[in-house]
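As a plain string of letters, each chain reads:
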Amino acid sequence: MNGTEANFRPARRIEDLGVSEILAITAQAAARRRDGRPVIILGAGEPDFDTPDPIKEAAIAAIRRGETKYTALDGSPEMKRAIRDKFRRENGLDFAQNEVTAAAGAKQILYNAMMASLNEGDEVIIPTPCWTSYFDIVRIAGGVPVALPCDAASGFRLTPEALEEAITPRTRWLLLNSPSNPTGSAYGEAHYRPLIEVLHRHPQVWLMVDDMYEHIVYDDFRFVTPVALDPSLKSRSLTVNGVSKAYAMTGWRLGYGGGPAALIAGMAVVQSQSTSCPSSVTQAAAIAALDGPQDGLATRRASFAARRDLVVDALNAIPGLSCRRPEGAFYTFASCEGLLGRATPDGRTLKTDREFCAYLLDAVDVAVVPGAAFGLAGYFRISYATSREELVEALGRIARACSQLTEGREP
Ligand SMILES: Cc1ncc(COP(=O)(O)O)c(C=O)c1O
């Protein structure tokens, strides 16, 4: 440790936080790859498609027009117009210009909202397993994340009974994500209605919904967003979305939200002292994505659907693993509980999902993320946003690694 590091005293708000386990695993896998090992990384939270050309062209044209300066704080008027049109066209939601906001990713939207609304000790109810950032964003904002574990039997969905029981006088938000990262589970109208009824009994609780994977849904599942189901929620809800996953634009950084004007104004205060505004060039690209032809969505969805089936079928064919067929997103969340307690060829007993995932990386060079990282042990997440060839190879290797486990003896 050098002198500078020794003197650094971290702020209390980040003391217990670290960079995400997913990034750590990906970095470890990438290091092995640099050492010449044939590592397959099934950890990426981003589509493997390229950003469509018309979107790139719109950004290039914006640069040529000189749109390279600061824009309005939480989105240019044209950006907000495109967001409002999107909400109206795809979700039947009517927001005014001062009820929508744009930021550098849906992550910043969530961050702005928590920073703008939480006081020390305020509680945010978060069904788990969930995207890990939710917990840390709430903590940075001074809030208390309240995890509500959801099991495979309920499709990893929150039940109204569990919600009712978790609400306290300190509850500020219920945060829902459908389709979900990491499970791919989604809430249809029948799942949302009973939860909305509970919210009606608790008017002090606001609803934040993360619809990031709206366009990546399969079979006959019909995506809905709660405020469209019950417009009376509009005055206490924030509907969050973004272009990252739908249009393969993770690196561009543009997310957006719609909610009550007072909340949106509060979020602008937070943003004004952090990033000032989303990138002007990115806004031009995002406007083209939202306004442009949407037929690419179906093509990408069909490609993901075929890969989902490939992965789910292959996992369920491996003795000891079991995997629910997700309604959306590009992740599978399989149980490895049937293999815990077994021993590796070199005699180590696998006691946890973390040890199981470490074994896969070690034995067959496949990187996946343990369920514990998302709040549910005994599972692991595969991102199937990678080529079919790589998936087939990776699943063959996972099958081989699992078949080499033997009945272990606890030490
Ligand atoms: C559920 C969920 N919400 C939000 C995000 C963040 O998206 P963005 O790239 O817009 O910040 C992600 C990214 O992985 C996600 O999985």
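Residues numbered from 1 in each chain as written. Predicted model: local features only at pLDDT ≥ 70, side-chain atom pairs only at ≥ 80, totals over all residues. Heavy atoms only, no water.

A. Layout of unusual backbone geometry. Going from T128 to P129, the amide bond is cis rather than trans, its omega being 5°. Relative to the helices and strands, P129 resides in the loop between β3 (123-128) and α7 (133-140). Going from N181 to P182, the amide bond is cis rather than trans, its omega being 25°. Among the structural elements, P182 can be located in the loop between β5 (171-177) and α9 (189-200). At A329, a position not held by glycine, the phi torsion is positive, near 60°. For A329, the position within the fold is in the loop between β9 (322-323) and β10 (331-335). One non-glycine residue, D365, lies in positive phi territory at about 60°. When you line up the elements, D365 lands in the loop between α14 (353-364) and β12 (366-367). (Helix = DSSP H or I, 4+ residues; strand = E, 2+ residues; numbered from the N terminus.)

B. Inspection of the sheet that holds β10 at higher detail. Taken in spatial order, the 4 strands make up an open sheet running β9-β10-β14-β13, and their pairing is antiparallel. Pairing within the sheet leaves two strands with one partner each, and these edge strands are β9 and β13 (369-370). Where β13 meets strand β14 (residues 379-383), 2 bridges bridge the pair, whose relative direction is antiparallel. When the bridges of β14 are listed, P370 appears paired with F380. (Pairing = 2+ DSSP bridges.)

C. Here's a closer look at the packing of aromatic side chains. Throughout the structure, instances matching the rule amount to 16 aromatic pairs. When the ring of F87 is compared with that of Y256, the centres are 5.6 Å apart and the planes differ by 75°; the resulting orientation is edge-to-face. Placement of the pair is F87 in helix α5 (residues 77-91) and Y256 in strand β8 (residues 255-258), with a sequence separation of 169 residues. Given the relative accessible area of 0%, F87 is considered buried. Accessibility expressed as a relative area gives 1% for Y256, which makes it buried. In this structure an aromatic cluster arises from ring pairing among F49, Y213, F304, F330, Y331 and Y384. (Phe/Tyr/Trp six-rings, centres within 6.5 Å; stacked < 30°, edge-to-face > 60°. Buried < 20%, exposed > 50% of the residue type's maximum accessible area, 1.4 Å probe, protein only.)

D. Examining the packing of helix α3 (residues 21-34) against α14 more closely. Two elements in contact, α3 and α14, have axes separated by 11 Å at closest approach and are oriented at 20°. Between α3 and α14, the angle is such that the two are roughly parallel. Between α3 and α14 lies a crossing of right-handed hand. The segment α3 lies against α14, with E21, Q28, A29 and R32 engaging R354, L361 and D362. Of the residues belonging to the contact of α3 with α14, the class tally is 2 nonpolar, 1 polar and 4 charged. (Axes fitted to C-alpha atoms, helices over the stretch in contact; angles between N-to-C directions. Parallel < 35°, antiparallel > 145°, perpendicular 65-115°, else oblique. Left-handed = near helix turned anticlockwise from the far one by under 90°. Contact = heavy atoms within 4.5 Å. Nonpolar A, V, L, I, M, F, W, Y, C, P; charged D, E, K, R; others polar.)

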